[in-house]
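If you want the building blocks of each chain, they are given just below.
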Amino acid sequence: MFFKKIFTLIFAFSFAWTINASAKTQIEWLQWFAAENTRDFYEGLVDEFEAANPNISVKLVTQPFGKVRESIVTDSAVGVGSDVLGLNMPWTTGFLKSDILEPLDAYMSKGSNSFKTANLVQAPIGKINGKTWMVPLNAFPFVMHVNMDLVKKAGFSKPPTSWSELKEQAVAISNLGDGISGIGMPLSSQPPSNGPILTFLPLLYSNGGRIMDGTSPNFDNAKVVETLNFINDLRKSGAMAPGFASRTGGVDLEEFIAGRSGFLISPGVHASAVATRNPDLNYDLVRVPTNGVNAYRVHGWELGIASKSKHKEEAWKFIDFLLSKEVNAKVAKASRALPGNLDSLDLVSGGATPVMKTQMNILSGDEPVEELRQAPSAVASWSIMTEEMQSMLRGDQSAKEAASKVQSRWLDLIS
Amino acid sequence: MKYTTSKEDHQKLTNQIVIYCVLCVCVIIFAFPLIWMLSVSLKPTVETFSLPPKLIPSSLYLDGYLKIFNNDQYTRFLLNSYLLGLAVTGLSVLIGTLAAYGFSRYRFFGDRAAKLFVITTQMVPTITLLIPLFGVIVWLKLYDTMWGLILTYLTFSLPYAVIMMNGYLDTIPKDFDEAATIDGCTPLGVLFKVLLPVAAPGIISTAIYTFLLAWNEFLFALALTRSIEMRTVPVGISMMVGEFGLKWDEMMAFSVIGSLPVLILFMSVQRFVISGLSAGGVKG
């Protein structure tokens, strides 16, 4: 009789536990954001979400940035993929080919959403194949970081605003000697080999140029050639840091922080790295010098849902939480970026650092551009751009020839 | 006669000078990355990229180390690496020794084919096994578990352990076995009481190799785990390479912390490793 009672109790507890366990849905969020900022911040976000949604638990899966793309592909192929995916716009078409992403249109049109679609940063939500595949968590506009001490030492009172001023100041800074250069051009072939999208594209956009015509490559146009000629001119005039073919984006940043280069074209998010690692640097942040057009390359951290997810509604609920005004403002502050939900701008600007405010002022009236999201095989195309630009800077071919070769190789790549 | 001796001495001295010069160059080449790693871990990043480069930091900067020690996550990575290394080493040595004992002391149907198969597994590039092993580990429901990694690493370390121990046991005369058997030892008694004490250098070198393999492995540790709780030191270091920059000081501090135990371990049993490798390794 005693044992019967014990067994009944155990059974009852087990049943209750099972019911409780099965009532709670677990979703996974694969991202690299927690490796970039503090992990505690993202765990806090998850805790906040779970407190508001007791039936959903979120497992934070953090991968190093360089491995996230491969992880998403292999996890999906093997069937262990996460539900909510941290995404990078250039990965889009590759993922669509592998049917990894779930279209978000139905979710975005829900009346219960915490945000208005019109208030989101528009670049990531543009339709491909007639559908929306991702939403912006935050946005990193490309700007130019300036070492004001070097600018002044070279005889100038303010940072350059045009290409001609950029060249003039960069040459003068390089002439200071002591291993100091005007500007770096990170064209290393080492993966991710993404130097051209860090430096060439922001200059091209400030020249009013584009590399795509919709989803088709359009690299051999006059604006591209003009921009390539400008970069070649920077090298010939001695404005460019030596070793462009082995220089990575990371080295470019570190040399700027160490005070070894006058200008750095990169996302505005680097402002915090500069400020924290070298507080003594007399530093400013300006719009990328233009050649007539105020446009900037916009990059960011995006979110999507895996097509194989078994908990898409719960995944969307979590994304909706991340895009809500207050939460998105917190994410923007933690990642030192602009919010993906522009409705959060006032909350971000409220406690923003002077550098962030400057960034917001610079960019408030300019045109954001992002072409890589719709580019076929965007990642492979970076390498082609890198190789042909290296060849041009070595003097093996002209800007026009480099543009033609990139165009032809891109067409081969997608054929 | 005296002249000849002097000439020989002179020749000997010259040879020694040349040998030491070459050794010094080798030491500099091999030690420099380690010294630079230590140097970078002890200075702020801005100094790492200063020109001209400074090997000795202008002041001692311990932020990298403090960040590592104050973060539970990194402690967890270290603990995981130790657990993984010890488990793989223990299992490889145990199973490898038993298998090697069978190959060395007994003739049975298919023994040569089995031995050849074990050797052949060493010729397959490990990268080609990533996808099949990924599938198997997921199928076994061992994805994102320590057992999944242990099982995977055993597929690489075990053949090596068998080959090494087989080679070493072959160098021990069978007279030992016969004498122990006459004294009443069982086959396992012969192995554990007689052969293993003699084969200690072989066991140590096998253990060191398998421990290093598990400690340094990156690709499978990254692919077969996803929780922070399951990550190892190499994956933890790679997570310091971010989208917008590298945490040089933390990365190098963690590399130093990760390297030191292995370095100390290797230096303390170095003579066994060399004798173990030279005695068993060449016989295959």
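Residues numbered from 1 in each chain as written. Chains lettered and ligands numbered in written order. Predicted model: local features only at pLDDT ≥ 70, side-chain atom pairs only at ≥ 80, totals over all residues.

Chemist: Help me out: how do you make sense of the overall build of chain A in this one?
Modeler: Summing up its helical and strand segments, chain A has 18 helices and 14 strands in all. Whereas a compact globule of 415 residues would reach a radius of gyration of roughly 22 Å, chain A reaches 24 Å, a difference of no more than 12%. Counting across all 415 residues of chain A, residues that qualify as buried make up 50%. Residue pairs in contact within chain A that sit at least 24 positions apart in sequence constitute 75% of those at least 6 positions apart. (Helix = DSSP H or I, 4+ residues; strand = E, 2+ residues; numbered from the N terminus. Rg over C-alpha atoms; globule rule 2.2 N^0.38 Å. Buried ≥ 20, exposed ≤ 12 C-beta atoms within 10 Å, placed from the backbone. Contact = placed C-beta atoms within 7 Å.)

Chemist: Looking at this structure, I do not really get unusual backbone geometry. What am I missing?
Modeler: Comment: phi is negative for the bulk of residues other than glycine, and the bulk of peptide bonds are trans. The amide bond that connects Leu51(B) to the next residue, Pro52(B), takes the cis arrangement and shows omega of -5°. By the element assignment, Pro52(B) lies in the loop between helix 2 (45-48) and helix 3 (63-69). Unlike most non-glycine residues, Asn129(A) shows phi in positive territory, near 55°. Among the secondary structure elements, Asn129(A) is positioned in the loop between helix 6 (105-108) and strand 4 (135-136). Positioned with a positive phi, Asp144(B) is a non-glycine residue whose angle comes to about 65°. Note on placement: Asp144(B) falls in the loop between helix 6 (130-139) and helix 7 (146-170).

Chemist: In this structure, what is going on with the nonpolar core? I would like to understand it.
Modeler: Proteins that are soluble and globular tend to have nonpolar side chains buried together. By size, the foremost hydrophobic cluster in this structure holds 169 residues, and its most contacted members are Val84(A), Phe318(A) and Ile319(A). The dominant element in this core, judged by the number of residues it contributes, is helix 7 of chain B, at eleven residues. Apart from the residues within four sequence positions on either side, Phe318(A) is in contact with Ile27(A), Trp29(A), Phe49(A), Val58(A) and Val84(A). (Core = buried A, V, L, I, M, F, W, Y, C linked by C-beta atoms within 7 Å.)

Chemist: Could you clarify how one ought to interpret the domain arrangement of chain A in this entry?
Modeler: Size of an interface, as often reported, equals the accessible area lost when the parts are brought together. Residues and elements named next belong to chain A. Its domain assignment divides chain A into domain 1 (2-140 + 299-363) and domain 2 (141-298 + 371-414). The gap between the C-alpha centroids of domain 1 and domain 2 is 32 Å. Looking at the side of domain 1 that touches domain 2, the elements with two or more residues in it are helix 5 (92-97), strand 5 (138-147) and helix 16 (354-363). In terms of residue count, helix 16 provides more of the side of domain 1 that touches domain 2 than any other element does, five residues in total. (Domains from an automatic or database assignment.)

Chemist: Help me understand the sheet that holds strand 3 (residues 84-87) of chain A in this model?
Modeler: All names here are of chain A. Across the sheet, which stays open at both edges, the five strands sit in the order 2-1-3-12-4 with mixed pairing between neighbours. Here the strands that pair on one side only, and so sit at the sheet edges, are strand 2 (56-62) and strand 4. Pairing geometry for strand 4 and strand 12 (residues 302-305), over two bridges, is antiparallel. When the sheet's bridge partners are listed, Pro 136 is paired in strand 12 with Glu 302. (Pairing = 2+ DSSP bridges.)

Chemist: Which parts of the structure should I look at to understand the interface of chain B and chain A?
Modeler: With 24 residues of chain B in contact, the opposing surface of chain A contributes 28 residues. Among the elements of the structure, helix 2, helix 6, helix 11 (219-223), strand 1 (241-242) and strand 2 (245-246) of chain B are those that each provide at least two residues to the side of chain B that touches chain A. Top element by residues in the side of chain B that touches chain A is helix 6 of chain B. It accounts for three residues.

Chemist: Would you mind going over the domain arrangement of chain B with me for this structure?
Modeler: Residues and elements named next belong to chain B. Domain assignment breaks chain B into domain 1 (2-48) and domain 2 (63-281). For domain 1 versus domain 2, the distance between C-alpha centres works out to 32 Å. The interface is formed by seven residues belonging to domain 1 together with seven residues belonging to domain 2. Mapped by element, the contributors of at least two residues to the side of domain 1 that touches domain 2 are helix 1 (2-41) and helix 2. Of all the elements, helix 1 adds the most residues to the side of domain 1 that touches domain 2, at four residues. Residue classes in the side of domain 1 that touches domain 2 are distributed as four nonpolar, three polar and no charged. (Nonpolar A, V, L, I, M, F, W, Y, C, P; charged D, E, K, R; others polar.)

Chemist: Sorry, what's going on with the environment of Lys236(A) here?
Modeler: Residue and element names in this part refer to chain A. Within the secondary structure layout, Lys 236 lies in helix 10 (residues 222-236). Owing to 11 C-beta atoms within 10 Å, Lys 236 belongs among the exposed residues under this scheme. Taking the C-alpha atoms as reference points, Lys 236 and Leu 393, 157 residues apart in sequence, are found 8.5 Å from one another.

Chemist: It is not clear to me how the packing of helix 4 (residues 72-105) of chain B against helix 10 (residues 200-216) of chain B should be interpreted in this structure. Could you clarify?
Modeler: Working note: a packed helix pair is described by the angle between its axes plus the distance between those axes. Residue and element names in this part refer to chain B. Between helix 4 and helix 10, the shortest axis-to-axis distance is 8 Å and the interhelical angle comes to 140°. When the interaxial angle is binned, helix 4 and helix 10 end up oblique. Crossing of helix 4 over helix 10 shows right-handed handedness. Here Ser 81, Leu 84, Gly 85, Val 88, Thr 89, Ser 92, Val 93, Gly 96 and Thr 97 of helix 4 lie close against helix 10, whose contacting residues are Ile 203, Thr 206, Ala 207, Thr 210, Phe 211, Ala 214 and Trp 215. Looking at side-chain class alone, the contact of helix 4 with helix 10 contains eight nonpolar, eight polar and no charged residues. (Axes fitted to C-alpha atoms, helices over the stretch in contact; angles between N-to-C directions. Parallel < 35°, antiparallel > 145°, perpendicular 65-115°, else oblique. Left-handed = near helix turned anticlockwise from the far one by under 90°.)

Chemist: Before we go on, may I ask you to explain the confidence of the model for chain B in this structure?
Modeler: Note: predicted coordinates in regions of low pLDDT should not be interpreted at a detailed level. Residue and element names in this part refer to chain B. For chain B, the average pLDDT comes to 88, and 94% of its residues sit at 70 or higher. Summarising per-element confidence for chain B, the mean pLDDT is lowest in helix 14 (residues 270-281) (66) and highest in helix 4 (94). Interface confidence for the predicted complex, expressed as ipTM, amounts to 0.76; the pTM equals 0.80. (pLDDT = per-residue confidence, 0-100.)

Chemist: Would you take a moment to explain the pairing of strand 9 (residues 261-267) of chain A for this structure?
Modeler: Along any regular strand the residues' side chains alternate between the sheet's two faces. Residue and element names in this part refer to chain A. Burial within strand 9 is extensive, with seven of its seven residues counted as buried. Note: strand 5 against strand 9, five bridges, orientation antiparallel. Within strand 9, the position partnered with His 145 by the bridge is Leu 264. As paired elements, strand 6 (residues 181-183) and strand 9 share two bridges and run parallel to each other. In the strand pairing of strand 9, Ile 183 is matched with Phe 263.

Chemist: I would appreciate a short explanation of the packing of helix 8 (residues 175-182) of chain B against helix 9 (residues 187-198) of chain B in the present structure.
Modeler: All names here are of chain B. Orientation of helix 8 relative to helix 9, taken along the N-to-C sense of each, is 125°, at an axis distance of 10 Å. Relative to helix 9, the element helix 8 is oriented oblique. Like other packed secondary-structure pairs, helix 8 and helix 9 cross with a definite hand, here right-handed. Residues Phe 176, Asp 177, Ala 180 and Thr 181 of helix 8 form the contact with helix 9, whose own contacting residues are Gly 189, Val 190, Lys 193, Val 194 and Leu 195. Of the residues in the contact of helix 8 with helix 9, the class split is five nonpolar, two polar and two charged.

Chemist: Even after reading the chapter, I still don't get the pairing of strand 1 (residues 25-31) of chain A, so can you show me in this structure?
Modeler: All names here are of chain A. Taking burial as the measure, the seven residues of strand 1 include five buried ones, the bulk of the element. As judged from the seven bridges shared by strand 1 and strand 2, these two strands associate in the parallel manner. Paired with Trp 29 across the two strands is Leu 60, which belongs to strand 2. Of the strand pairs in this sheet, strand 1 and strand 3 are connected by two bridges, and their pairing is parallel. By the bridge assignment for strand 3, Trp 29 is matched with Val 84.

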